[in-house]
Amino acid sequence: MAEKIDLLVTGIGRLVTPPGNSPRFGAQMRDVREIEGAAVAIAGDRIVSVGTEADVRAEIGDAQVVETLDVGGRLVVPGLVDPHTHLVHGGTRENELALKRSGVPYLEILAQGGGILSTVKSTRAASEDDLYAKARKSLDEMLRQGVTTVEAKSGYGLTTGDELKQLRVAKQLHDTHPVDVVSTFMGAHAVPPEYKGRTDEYVDLVVEEMLPRVAEEQLAEFCDVFCEHGVFSVEQSRRILLEGKRNGLIPKLHADEIEPLGGAELAGEVGAISAEHLLAATDEGLKELADNGVIPVLLPGTSFNLGLSTHARARDMIDRYELPVALSTDYNPGSCPTESIQLIIMLASLNLKMTPEEILTACTINAANALGRGFDIGSLEPGKRADLAIFDAPNLAYLPYHFGINHTFGVIKNGRVAVWGGNIS
Ligand SMILES: [Zn+2]
């Protein structure tokens, strides 16, 4: 036991956490640890004790307690992890709202030079300072939602210089903002206009020039591809992900979002850590994910915002294939312009029919494992990083039930109070 407790969090009405470091599969997602009248003892940026207040006080014994923080009977869960965002980008796309509402499909807007390509233009035109200031505002909002770790993808630069620019901004955010930012290189997010009709040549650029530079400057841990009809084929995606692997980047994949192209199968084949979206994934694809330990990251905000009546088959994934489902905002300026993980919590309940316990597991330990960080974050246990979200709610079910508001009262990040009374401290 530590000789000095820097922060003793008391007055926790209910603490809920998934157990352990590993992904939670299928029915395990509902098996969470709940403690009433809990406390958490923290030394530096680490948890040293979690339990009932009496147990924690007995365990820390006569250790010096520097600061005690009473959370007033509120709900405490692990700091939420958002494992799929397009955080760093220029511009906004509210001008496409009318087109979308009149029913023009997403891939058609993209084919007309809108969609991702419009954000590419704004991102190329933006300075690193502009991108930093805009993304920092979003990161503040995520923190106020109870999020303590965020993944951020490049993919709006689509030139070597502009992709590196996005990744440098993400690194700068990680270094200067309380929220941890984990970077993914996604040079294969779209085919840039100057390569229209020459996708294979663009893939050459990604593989031969971008990937080695990203690896050399250590600007990303993961490599992702938008594998979709009219964007990158299964063959092109495979080439990029395998080259990424050779450069030390772990594969992720935007798979079977719109059409069942075989993205889930490819994710299994290349040993991806996660596969994202999966609205159109086939049974064979889901089986492939299960057989290869790939974490499905579901993004219900995107189907909601695109007005789709189809949803990812979360119940099949959990009940039939015993997959370790994770959830994310997919925050991006086109298909899902929201930083609100709490909206995602509500949509996971409404449209994916996930239980509150499954949703918590999906937003914590499973999301942490989708970023290779299950050993460090995603559950409240001694030795793990002291990242806590404090919600003004009596229990887990209250979060998706009382919707459209921000439940966050406080956030502790790395053992320090980052949000209190709903405001960033
Ligand atoms: Zn995405």
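All values derive from a computational prediction rather than experimental measurement.

Time to look at the sheet that holds strand E14 (residues 295–298). Spatial strand order, E8-E9-E10-E11-E12-E13-E14-E15: eight strands in an open sheet with parallel pairing. Each having just a single partner strand, strand E8 (80–82) and strand E15 (326–327) make up the two edges of the open sheet. Bridging between strand E10 (residues 180–188) and strand E11 (residues 222–225) involves three bridges; their strand directions are parallel. Bridging across to E11, Thr-184 finds its partner in Phe-222. Across the sheet, helix H7 (residues 199–216) is in contact with E10 and E11; its angle to E10 comes to roughly 150 degrees.

On to the side chain of His-407. Here His-407 lies in the loop between helix H16 (398–401) and strand E17 (408–413). Note on His-407: relative accessible area 2%, which makes it buried. A polar contact is formed between the side chain of His-407 and the backbone oxygen of Leu-399, at a distance of 3.4 Å. Ignoring anything within four residues of it in the chain, the contact list for His-407 reads Gln-342, Ile-390, Phe-391, Asp-392, Tyr-398, Leu-399 and His-402.

Let's shift gears to the UniProt feature "binding site: Fe(3+)" (unreviewed entry) in the protein chain. Taking the numbering used here, the UniProt-annotated feature "binding site: Fe(3+)" (unreviewed entry) corresponds to His-84, His-86, His-254 and Asp-330. For this annotated set, covering 247 residues, all C-alpha atoms fall within 12.3 Å of each other, a compact arrangement in space. Its location among the elements puts His-86 in the loop between E8 and helix H2 (97–101). The residues contacting His-86, other than those within four sequence positions of it, are Lys-153, Tyr-156, Met-186, His-189, His-254, Asp-330, Tyr-331 and Asn-332. A polar side-chain atom of His-86 sits 3.3 Å from a polar atom in the side chain of Asp-330. With sequence-adjacent residues up to four places away left out, His-254 is seen in contact with His-84, His-86, Lys-153, Met-186, Asp-224, Val-225, Phe-226, Cys-227, Glu-276 and His-277. At 3.1 Å, the side chain of His-254 and the side chain of His-84 are in polar contact.

Right, let's talk about the packing of aromatic side chains for a bit. As enumerated under the stated definition, the model contains four aromatic pairs in all. Ring-pair connections join several aromatic residues into one group, and the members of that group are Tyr-195, Tyr-202 and Phe-232. The residue whose ring lies beneath Arg-74 is Phe-409, and the NZ or CZ to ring-centre distance is 3.6 Å. The side chain of Lys-252 reaches across the aromatic face of Phe-222, ending 4.9 Å from its centre.

Right, let's talk about unusual backbone geometry for a bit. Even without being glycine, Leu-158 reaches a positive phi, approximately 60 degrees. Relative to the assigned elements, Leu-158 resides in the loop between strand E9 (147–153) and helix H6 (160–176). Notably, Asp-330 is not glycine yet its phi reads approximately 60 degrees, a positive angle. Relative to the assigned elements, Asp-330 resides in the loop between E15 and helix H13 (341–350). What makes Asp-330 buried here is its relative accessible area of 2%.

The rules behind each value
- Residues numbered from 1 in each chain as written.
- Predicted model: local features only at pLDDT ≥ 70, side-chain atom pairs only at ≥ 80, totals over all residues.
- Heavy atoms only, no water.
- Pairing = 2+ DSSP bridges.
- Helix = DSSP H or I, 4+ residues; strand = E, 2+ residues; numbered from the N terminus.
- Contact = heavy atoms within 4.5 Å.
- Axes fitted to C-alpha atoms, helices over the stretch in contact; angles between N-to-C directions.
- Buried < 20%, exposed > 50% of the residue type's maximum accessible area, 1.4 Å probe, protein only.
- Polar contact = N/O pair within 3.5 Å; in protein donor to acceptor, adjacent residues only side chain to side chain.
- UniProt positions renumbered as here; feature names shortened; annotations may be inferred.
- Phe/Tyr/Trp six-rings, centres within 6.5 Å; stacked < 30°, edge-to-face > 60°.
- Lys NZ or Arg CZ within 6 Å of the ring centre and 35° of its normal.

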